[in-house]
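Chain by chain, the residues:
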Amino acid sequence: RLRNLCAGVKMTVEKIASVTSQTHPQMADRCSLIVAELENLREFTDRMDRLFDNLPAPEPKSLFDILCDAREFFIKKFPFCHLELDGGELAASFKHGSWFVIAMREIIANAGEAAGASGTVRLAWAGKDGSVTVSVSNPGEPPPPEIPLNPPRDRKSVV
């Protein structure tokens, strides 16, 4: 129901933006922010589905397919952020590759958000003796000041 509501509100806001774009350009700009927030909310509901619903049936995927999907996903989501790919050619295949794609998209999205609009994310992979190691890293930006790095502990929970 929430997705249907978001879709309806998004359509309404897009119509308002198109009608008012000539006479009130600031209104159209504000509408684009609302549309972006509604898209984020839809994405959130997709994530919630994964928590409370069954995962899709697993499908085998090659490392190449997983990396191509991650690259395409990143470019669409963060067009101004740089993605460095670092690894050699590996003929690796994953039995549950479709689940790996879901996890990789979440990790790539987190790294892209932390890197900032013009930052860099590095996706590296290496293989040895039939195993594959994949890492995602970025220099990131410091956490906002309202997030404590060393939160206080509840005295009751300390033994």
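Residue positions are given per chain, counted from 1 along the sequence in the order it is written. Owing to the predicted nature of the model, reporting of local features is limited to residues with pLDDT of at least 70; listing and counting of side-chain atom pairs is limited to 80 or more, with chain, interface and lining totals taken over all residues. Each side-chain value is worked out from all heavy atoms of the structure, with water and hydrogens disregarded.

S.K.: Break down the packing of helix 3 (residues 63-77) against helix 4 (residues 97-115) for me, with residues and values.
M.R.: Fitting a line to C-alpha atoms yields each axis, with helices limited to the stretch in contact; the angle taken between N-to-C directions then spans 0 to 180 degrees. Here a helix means four or more residues in a row that DSSP labels H or I, a strand means two or more in a row labelled E, and each is numbered from the N terminus. The interhelical angle for the contact between helix 3 and helix 4, taken along N-to-C directions, is 35 degrees, at an axis separation of 9 Å. When the axes of helix 3 and helix 4 are compared, the crossing they make is right-handed. Mapping the contact onto sequence places Ile66, Asp69, Ala70, Phe73, Phe74 and Lys77 in helix 3 and Gly97, Phe100, Val101, Met104, Arg105, Ile108, Ala109, Gly112 and Glu113 in helix 4. Only Asp, Glu, Lys and Arg are considered charged, only Ala, Val, Leu, Ile, Met, Phe, Trp, Tyr, Cys and Pro nonpolar, and every remaining residue, Gly among them, polar. For the contact of helix 3 with helix 4, the per-class residue count stands at nine nonpolar, two polar and four charged. Helix crossings are classified by the rotation of the near helix relative to the far one: an anticlockwise turn of less than a right angle makes the crossing left-handed, while a clockwise turn makes it right-handed. Any pair of residues with heavy atoms lying within 4.5 Å of one another is described as a contacting pair.

S.K.: Could you give me a rundown of the environment of Ala117, with the residues and numbers involved?
M.R.: Within the secondary structure, Ala117 is located in the loop between helix 4 and strand 4 (120-128). Excluding residues within four positions of it along the chain, Ala117 makes contact with Phe80 and Cys81.

S.K.: Talk me through helix 2 (residues 25-52); I want residue IDs and the actual numbers.
M.R.: Multiplying 1.5 Å by the helix residue count minus one yields the expected span of that helix. With 28 residues, helix 2 should reach 40 Å at 1.5 Å per residue; the first-to-last C-alpha distance of 41 Å fits that figure. Buried residues in helix 2 make contact with helix 1 (2-20).

S.K.: Could you give me a rundown of helix 1, with the residues and numbers involved?
M.R.: Helix length check: helix 1, at 19 residues, gives a terminal C-alpha distance of 27 Å against a target of 27 Å (1.5 Å per residue), a fit within 8%. Among the residues making up helix 1, those that are buried are Cys6, Val13, Ala17 and Thr20. When helix 1 is viewed along its axis, its buried side chains cluster within an angular range of 80 degrees and face the same direction. Exposed and oriented more than 90 degrees from the buried face of helix 1 are Asn4, Met11, Lys15 and Val19. Here the buried face of helix 1 lies against helix 2. For every residue, the accessible area obtained with a 1.4 Å probe (protein chains only) is divided by the maximum for its type, and the residue is called buried under 20%, exposed over 50%, and partly exposed between those limits. The directions from the helix axis to the C-beta atoms form the arc being described.

S.K.: Give me the lowdown on the packing of aromatic side chains, citing residues and values where you can.
M.R.: Two aromatic rings, drawn from Phe, Tyr or Trp (for Trp, its six-membered ring), form a pair once their centres lie within 6.5 Å of each other, and the interplanar angle then sorts them: stacked below 30 degrees, edge-to-face above 60, tilted otherwise. As enumerated under the stated definition, the model contains two aromatic pairs in all. Each ring, one from Phe74 and one from Phe78, has its centre 5.2 Å from the other, and the planes form 40 degrees; the classification is tilted. Each ring, one from Phe94 and one from Phe100, has its centre 5.1 Å from the other, and the planes form 75 degrees; the classification is edge-to-face. Residue class for Phe100 comes out partly exposed when judged on its relative accessible area of 23%.

Any functional reading would require information beyond the geometric quantities listed.
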